[in-house]
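Here are the chains, one letter per residue:
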Amino acid sequence: MAVLSKIRKRSGLLLLAIGFALLAFVVQDLFTKGFNSLSKEVGSVNGKDISFEDFRVKVANVEKSGQGMSSMQASNQVWNQEVSIALLGAEFEKLGLRVGEKHILEVLKNDPNIGQNQMFLNAAGKFDIQKFKDYFKSNPEGIQFLKDKERDAEINAKYQIYNSLVKGALFTTEAEGKLKYQMEADKVTFDFVNVPFSSIKDSDVKITDEDITAYMKTKEKRFKSEETREIDYVLVEDKPSAQDDAESIKKIQSLLNPSVRYNNETGKNDTIQGFKSAVNVAEFVNANSDIPFDSTYIAKQDLPAENAEQLFNLPVGEVFGPYKFNNYYCLSKALGRKAGAKAKASHILISWEGTKVPSKKEKRTKEEAKAKAEGLLAQAKANPNNFFMLALTNSDDSSAQNGGDLGVFAPGQMVKPFNDFVFNSPIGAIGLVETEFGYHVIKVTDKQDAVKLATIAQKIEPSEATDNKTYETATNFEMKAANKDFAALAKEMKLTVNPAIRVKAIDEGFGTISNQRQIVKWIFGEDTKVGDVKRFEVPNVGHVIAKLKKVTEKGLMTVEEARPMVEPILKNKKKAEMIKSKMNGSSLASIASANKVTVMNAVDLTLENPSIPGAGFEPKVVGTAFSSKVGQVSQPIDGNTGVYVVSTKAVAKAPKLPKHDEYVNKMKQQVASYAGRVLPALKNEADITDNRANFY
């Protein structure tokens, strides 16, 4: 009592001491971590800051969009958008691009949420600009939404102009068409000797760390690397023990037959129905299963593979189980069987202008589409085995690449006319239906029976005793690992050290452990030093004990990272020099003899397809053969697979053409895609600072 009295008397001093301690903790934290966390910029692009406040709001909006993104995934999406907008915005300013109300409204109209919104359509179903404007006049709370939309529309409108300018600057000349023709049509025949790199053992060629570093410095942009941290980690899984497994089987088995249980409310014993004799099966399942009752019919291919045969052929009213499926023990009762419940079909879609098909193979009217579909129907009926090729070459649907195959589907999954034809027709039937997507030539390829099962599924969970043992193991390992060798301790405790993982500051997880931003933040914390160990509890997974192994600063990749890419290149260079020293001789025969290989022959090769039979893709070798004098032995050539010497036998020049329009058009199709290289090129050259790790 005397001690308690003294504590009460000095409680004021105690609270004051605690207050000072907390203040000291906060101040120390500020000075330890610096003031980076108070920065208002989440990053910058070429010196232009990206405000965290604006960025945070955009990330929150993406998270709310219902796409199921984590905070970091949403952050990645918004970051990429902000970087792109900053880079393109700078280009727009350089070019002096401006857009007016007309451009912005055109972009807004193309947004389905606006252009197809019933509120903004006139009697004819067309977008009405006045209705659109009037709506926001009478609904001022939507002004901010409109401003955001207008800003995005302005950027999109400018981008459309910018993209058009870029595409307009991409053209193909007659000279390029001529070169394309010559590369395809000029042919060369030559003899050659090839001493492959594989003739020298890799173990005979040493590549040092200095060699790799020197090579990387010649191509710094290719081998630049962000700051990374390397960690080792042990995962102590939170999983059921053998005893837990046995208890789970016992628990679910107890549901099979009626049982007597004491009712605390009535003070009497109640007889509980068993699964075998339950009258209301759905109610019984929902009361005892971790997965609700499902009344749909299931095809055999969709049943658990190990037990599919027994479940599919189970007599109505009979129960199968317990059986294990994933992390559940299950009991299944057969409730019924339906013939032809699932179907498989192929189709050829012929659409017309105005249908909801994005990638039409050709423009056509509805009448033209019907005529073509009827023609294909006749061909398919005349030769059903040719349906695959007809779909491959004619269908406007993405299934064309699979010969029109749509796989297995259930009633109601397809649009009604399509659905009705398939489920009302026998296997092998071929017919024509019209839907909102176009005309479909359909072939019914299979029908499958399905079964209805009532399944009780109970998850196999670790018991409290197992959880306690897992926790004890993990904490024990964490404490001992601070002063012991990580790998040796893991081996001693019969745990596994996962292979070292390299982590970036904005990563969200590592290895098989996803959505663990807390661990990555610790790894990159300023207080975390090489050799530090910490345990993290991961819900539904277990305990991760991580050790910071190595810190790699921003700059060139480490030698370990680059070696798999660089070592083969440098080894082949060294092997080439070793091979060249033995490639002496005045003829191919003497060179071949000195290197214990044979003289080989290549016939009618082109620059467009410089693939040498038995050797592979070798453009330098074929190019040398084209430029060499007939009968002359070339100098050694470093190829992709070895060192070559060639002797040209004949060069056949293609006939001259008055024009090269066909080849110019080929080049135009290739060049058209180059517009997509602009943004990656701008990013590659930009000075981008990413501070997101300070905020997320």
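Look a little higher up for the structure.
What counts and what doesn't
Residues numbered from 1 in each chain as written. Predicted model: local features only at pLDDT ≥ 70, side-chain atom pairs only at ≥ 80, totals over all residues. Heavy atoms only, no water. Helix = DSSP H or I, 4+ residues; strand = E, 2+ residues; numbered from the N terminus. Rg over C-alpha atoms; globule rule 2.2 N^0.38 Å. Buried < 20%, exposed > 50% of the residue type's maximum accessible area, 1.4 Å probe, protein only. Contact = heavy atoms within 4.5 Å. Areas by Shrake-Rupley, 256 points an atom, 1.4 Å probe, with all protein chains shown as cover. Lys, Arg positive; Asp, Glu negative; His and termini not counted. Charge placed at Lys NZ, Arg CZ, Asp CG, Glu CD. Pairing = 2+ DSSP bridges. Axes fitted to C-alpha atoms, helices over the stretch in contact; angles between N-to-C directions. Patch = residues over 30% accessible without salt bridge, like charges linked within 9 Å, V, L, I, M, F, W, Y side chains within 5 Å. Salt bridge = Lys/Arg side-chain N within 4 Å of Asp/Glu carboxyl O. Core = buried A, V, L, I, M, F, W, Y, C linked by side-chain atoms within 4.5 Å. Expected span 1.5 Å × (residues − 1). Arc of directions from axis to C-beta.

**Student:** Summarise the overall build of the chain; cite the residues concerned and give the values.
**Tutor:** Helix and strand counts for the chain come out as 24 helices and 23 strands. The C-alpha atoms of the chain give a radius of gyration of 36 Å, which is well past the 26 Å a tight globule of 696 residues would have. In terms of its C-alpha atoms, the chain occupies a principal-axis envelope of roughly 110 × 75 × 70 Å. Going through the 696 residues of the chain one by one, you find that 36% of them count as buried. A sequence separation of at least 24 residues applies to 66% of the contacts in the chain between residues at least 6 apart. Summed over all atoms, the accessible surface of the chain reaches about 41,100 Å², with 53% contributed by carbon and sulfur. Across the chain, 96 positive and 88 negative side-chain charges occur, with their mean positions spaced 2 Å apart.

**Student:** Any details on the sheet that holds strand β15 (residues 533-538)? Residues and values, ideally.
**Tutor:** Reading across the sheet, the four strands line up as β14-β5-β16-β15 and stay open at both edges, with antiparallel pairing between neighbours. One side of each edge strand has no neighbouring strand; the edge strands of this open sheet are β14 (497-504) and β15. Sheet twist, expressed as the average angle between the axes of neighbouring strands with direction ignored, equals 35 degrees. As defined by bridge partners, strand β5 (residues 228-237) adjoins strand β16 (residues 542-552) across ten bridges and the pair is classed as antiparallel. In the strand pairing of β16, E237 is matched with G542.

**Student:** Summarise a nonpolar patch on the surface; cite the residues concerned and give the values.
**Tutor:** On the surface, a cluster of nonpolar side chains totalling about 260 Å² of accessible area is made up of F388, M389 and L392. Relative to the elements of secondary structure, L392 occurs in helix α15 (residues 387-394). L392 gets classed as partly exposed once you look at its relative accessible area, which sits at 33%.

**Student:** Just give me the short version of the pairing of strand β13 (residues 438-459), but keep the residues and values in it.
**Tutor:** For strand β8 (residues 298-299) and β13, the ladder comprises two bridges, and the chain directions are antiparallel. The partner of A299 across the bridge, within β13, is A450. As defined by bridge partners, strand β10 (residues 328-350) adjoins β13 across 19 bridges and the pair is classed as antiparallel. Looking across to β13, one finds that K333 is bridged to A454. Between strand β12 (residues 430-435) and β13, which pair antiparallel and follow one another directly, the connecting turn spans two residues.

**Student:** I'd like a description of unusual backbone geometry, backed by residues and values.
**Tutor:** Residues G321 and P322 are joined by a peptide bond in cis, for which omega reads 5 degrees. Counting through the fold element by element, P322 comes out in strand β9 (residues 319-325). Residues other than glycine seldom take positive phi values, yet K596 does so here, at roughly 55 degrees. Structurally, K596 can be placed in the loop between α21 (588-594) and β18 (600-605). Since its relative accessible area comes to 79%, K596 is described here as exposed.

**Student:** Kindly report on the nonpolar core, identifying the contributing residues and their values.
**Tutor:** Membership of the largest hydrophobic core comes to 23 residues, with the highest contact counts inside it found for V193, I212, F223, A562, V566, I579 and M583. Looking at this core, the elements with two or more residues in it are β3 (187-196), α10 (209-217), α20 (559-580), α21 and β22 (642-652). It is α20 that provides the largest number of residues to this core, a total of six residues. When sequence neighbours within four positions are dropped, the list of residues in contact with F223 reads Y215, M216, G555, L556, M557, A562, M565 and V566. Within the second largest apolar cluster, 18 residues are counted, among which are V62, M72, A74 and Y696.

**Student:** So, the pairing of strand β1 (residues 41-45): which residues are in play, and what are the values?
**Tutor:** Among the five residues that make up β1, four are buried, leaving the element largely enclosed by the rest of the structure. In this structure, β1 lies alongside strand β2 (residues 48-51), joined through four bridges in antiparallel fashion. Its bridge partner being in β2, G43 is matched across the sheet by I50.

**Student:** Could you give me a rundown of the sheet that holds β22, with the residues and numbers involved?
**Tutor:** Within the open sheet, the four strands sit side by side as β18-β3-β22-β21. Their pairing is antiparallel. Either end of the sheet is taken by a strand with one partner, and the two such strands are β18 and β21 (637-638). Sheet topology note: the β21/β22 ladder contains two bridges and is antiparallel. Directly across from D638, in β22, lies its bridge partner V643.

**Student:** Can you tell me about helix α11 (residues 242-253), naming the residues and giving the values?
**Tutor:** For α11, with twelve residues, the first-to-last C-alpha span of 17 Å sits near the 16 Å given by 1.5 Å per residue. What α11 keeps buried is the set D244, D245, S248 and I252. All buried residues of α11 fall inside an arc of 100 degrees around its axis, so they share one side. Exposed residues pointing more than 90 degrees away from the buried face of α11 are listed as A242, Q243 and K250.

**Student:** An account of the pattern of salt bridges is needed here, citing residue identities and associated values.
**Tutor:** Within the structure shown, the criterion is met by 35 salt bridges. With a closest N to O distance of 2.7 Å, K416 and D420 form a salt bridge. Of the two residues, K416 and D420 both sit in helix α16 (residues 416-423), four residues apart, roughly one turn of that helix. Via salt bridges that share partners, K180, E184, E608 and K666 belong to a single interconnected network.

**Student:** Lay out the environment of L556 with the relevant residues and their values.
**Tutor:** Turning to its location among the elements, L556 is positioned in strand β17 (residues 555-556). Given a relative accessible area of 25%, L556 falls into the partly exposed group. Along the chain, L556 and F223 lie 333 residues apart, while their C-alpha atoms are 5.7 Å from each other. Contact partners of L556, with chain neighbours within four places excluded, come to M216, K217, E220, F223 and S225.

**Student:** Mind laying out a negative patch on the surface, listing which residues take part and the relevant values?
**Tutor:** A surface patch of negative charge is lined by D290, E461, E464, D467 and E537. Structurally, E461 is set in the loop between β13 and α17 (464-481). We classify E461 as partly exposed; its relative accessible area is 45%.

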